[in-house]
Amino acid sequence: MVKNEIKHVLKILLLGDGAVGKTSLILRFIENKFKDEYSVSLGVDFLTKTITFIDEDDIKRIVSLQVWDIAGQARHVSYSHLYLKGALGAFYVFDLTRKETLEQIQNRWQLQALKASPNHLGILIGNKADLIKERAISKSQLKKIVDSMHVIEIFETSAKTGRNVNKAFQKLTTEILRVKPKKFL
Amino acid sequence: MSPLTEFKAVKAFFIFEKDQGTTLFTRSYERSSTAPDAHLVVAFLTAMFSFAKTSSLSDLKVVDMTDIRFSFIEKNGLIFAVLVSPLVSPLDIQFKLSTIASLFFSDYGNQLSSIDIVDTEMFSDFNDSVDEIFGGETRQMLKSSKNAALFYLKKLVSKEETGARGAMILSFTGDILLEYKMDQPRMAAAIRILNVGTYMTNLRYLVVASESTNLVAYKISEGLLLAVDGHPSFGLEDLVVNVSETVKQIKEIIPH
Ligand SMILES: Nc1nc2c(ncn2[C@@H]2O[C@H](COP(=O)(O)OP(=O)(O)OP(=O)(O)O)[C@@H](O)[C@H]2O)c(=O)[nH]1
Ligand SMILES: [Mg+2]
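Everything numeric in this text was worked out from a predicted model, so none of it was measured.

> For the layout of surface pockets, give the residues involved together with the corresponding values.
Put simply, the largest pocket is a space of about 1200 Å³. Taken together, the elements giving at least two residues each to the lining of the largest pocket come down to α1 (22–31), β2 (44–54) and β3 (59–70) of chain A together with α3 (90–112) of chain B. Looking at the lining of the largest pocket element by element, the count peaks at 7 residues for α1 of chain A. Tallied by class, the residues present in the lining of the largest pocket amount to 16 nonpolar, 14 polar and 10 charged.

Structure (structure tokens):
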């Protein structure tokens, strides 16, 4: 018997350079769709998806995931703290076929997000894993970099095929719920 | 006064319901004597919407008057509108409006559906966010970098043999960060053309030759462009070579 139900709103961010696939990952996660054409995101937007589960204390948790799609072009924006604040989690997305997009995660995106939301959990996402021939970063190179980064895990995803997309969202959500003291939720 | 201050000019900002025209939030950046009357503006826009029943987010809508422009986006039945100088980059405005709309729904979304009579006081906390977004620069650029970059713009424009008449550094959305001797109408035209700047992820430079200008836009780094207005009677190749040299110099002084 479920004793109780509790509603949570979890704000999570998708950050990374232009065209790495942030909007595509969200579209895959929320609507299970994929589009080949690139349409640059202008500004920031958020979408919500509700996930329900029953935890070990028999409490029904209704989690409203607020997923923030931050335009890659916003990487120089001075007012970014306004929409980065209050996040409990972040996906740092880079493109496995473009090395510089990984460098920018460390150089820019993580610094910005940590400043605005110091206690969030980060997951690194190497997207476009389906483009095997164009891949520019090897697994061993990645491993080294990840160890020096402030993330709990790395996933190689493909918004195109759907590989690991749900898994990554699930991981971030459950980790946030596990790690965060319940009173903050 | 530098023309820059003029380009930044956002005169007023409004949030109102599309169907009823109920105003939820207004913010004016003019002295009260010249400030537009919020009710008139909203009445005008509402009338226009019922006339032209189209609108969707992602599309910035624009209505140009003599020296003022209305730009607005719609989201979840609300209109987010600004009155701006027509010289302000439409893309930059779209970026800001879209961001403001998301922040507004994130902060007040839950309360909106339960409101019958709107108490606009309720949104007064939103002032600071709006002010920061319209008042702040799109891209931070250190003052020292600005001065150094200006030096190179001047150097380029003073090289007569290239035909360069004016130069500016723009953010990807066309926000002017730095400008030297750009003629205003050509500057406005350049900003419009450079809406493609957004799509320059894979382009190094772009040349547009017309009867009135040889416009060269060169990517300095992700999200940053150097645009140069060249005299149309000069050769394009020379100009491109010189612009690319200037870009190299600017790259060295601007942190990535
Ligand atoms: N092959 C492949 N293409 C992808 C994948 N994910 C995204 N793309 C493509 O990459 C391009 C950019 O994707 P977006 O999701 O728009 O990128 P974004 O990170 O939102 O970019 P900005 O909005 O500019 O910040 C589009 O053409 C997508 O179709 C993927 O996993 N595999
Ligand atoms: Mg996007």
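> Residues and numbers for the sheet that holds strand β4 (residues 89–95) of chain A, please.
All names here are of chain A. Strand order across the open sheet formed by 6 strands is β2-β3-β1-β4-β5-β6, with mixed pairing between neighbours. The sheet is open, and its two edges are formed by β2 and β6 (153–156), each paired on a single side. Pairwise comparison of adjacent strand axes, ignoring direction, gives a mean angle of 25° for this sheet. Relative to β6, strand β5 (residues 121–127) is paired through 4 bridges, and the arrangement is parallel.

> Quick rundown of the coordination of the magnesium ion (ligand 2)? Include the residues and the values.
Put simply, a metal with four donors set out as a tetrahedron has ideal angles of 109.5 degrees, and one with six donors set out as an octahedron has ideal angles of 90 or 180 degrees. Within the first shell, the magnesium ion (ligand 2) binds the protein through T23 of chain A (OG1) and S41 of chain A (OG), at distances of 2.0 to 2.1 Å. Highlighted residues: T23 of chain A in helix α1 and S41 of chain A in the loop between α1 and β2, separated in sequence by 18 residues.

> Please give an account of the domain arrangement of chain B that cites residues and values.
A common measure of how large an interface is: the accessible area buried when the components associate. Residues and elements named next belong to chain B. Assigned domains of chain B: these are domain 1 (10–134) and domain 2 (143–251). Facing 6 residues of domain 1, the contacting portion of domain 2 comprises 9 residues. With both sides pooled, the region where domain 1 packs onto domain 2 buries about 720 Å², and carbon together with sulfur makes up 63% of that total. Viewed at the interface, domain 2 and domain 1 are joined by 0 salt bridges. The interface formed by domain 1 and domain 2 includes 0 residue pairs in polar contact (both at pLDDT 80 or more).

The rules behind these values
- Residues numbered from 1 in each chain as written.
- Chains lettered and ligands numbered in written order.
- Predicted model: local features only at pLDDT ≥ 70, side-chain atom pairs only at ≥ 80, totals over all residues.
- Heavy atoms only, no water.
- 1 Å grid on protein atoms, 1.4 Å probe; cavity = no way out; pocket = protein on both sides within 12 Å on 5 of 7 lines; lining within 4 Å.
- Points joined across faces, edges and corners; volume = space filled by probe spheres on them.
- Helix = DSSP H or I, 4+ residues; strand = E, 2+ residues; numbered from the N terminus.
- Nonpolar A, V, L, I, M, F, W, Y, C, P; charged D, E, K, R; others polar.
- Pairing = 2+ DSSP bridges.
- Axes fitted to C-alpha atoms, helices over the stretch in contact; angles between N-to-C directions.
- Donors = N, O, S within 2.8 Å, 3.2 Å for Na, K, Ca; no water.
- Domains from an automatic or database assignment.
- Contact = heavy atoms within 4.5 Å.
- Buried area = accessible area lost by both parts, 1.4 Å probe.
- Salt bridge = Lys/Arg side-chain N within 4 Å of Asp/Glu carboxyl O.
- Polar contact = N/O pair within 3.5 Å; in protein donor to acceptor, adjacent residues only side chain to side chain.

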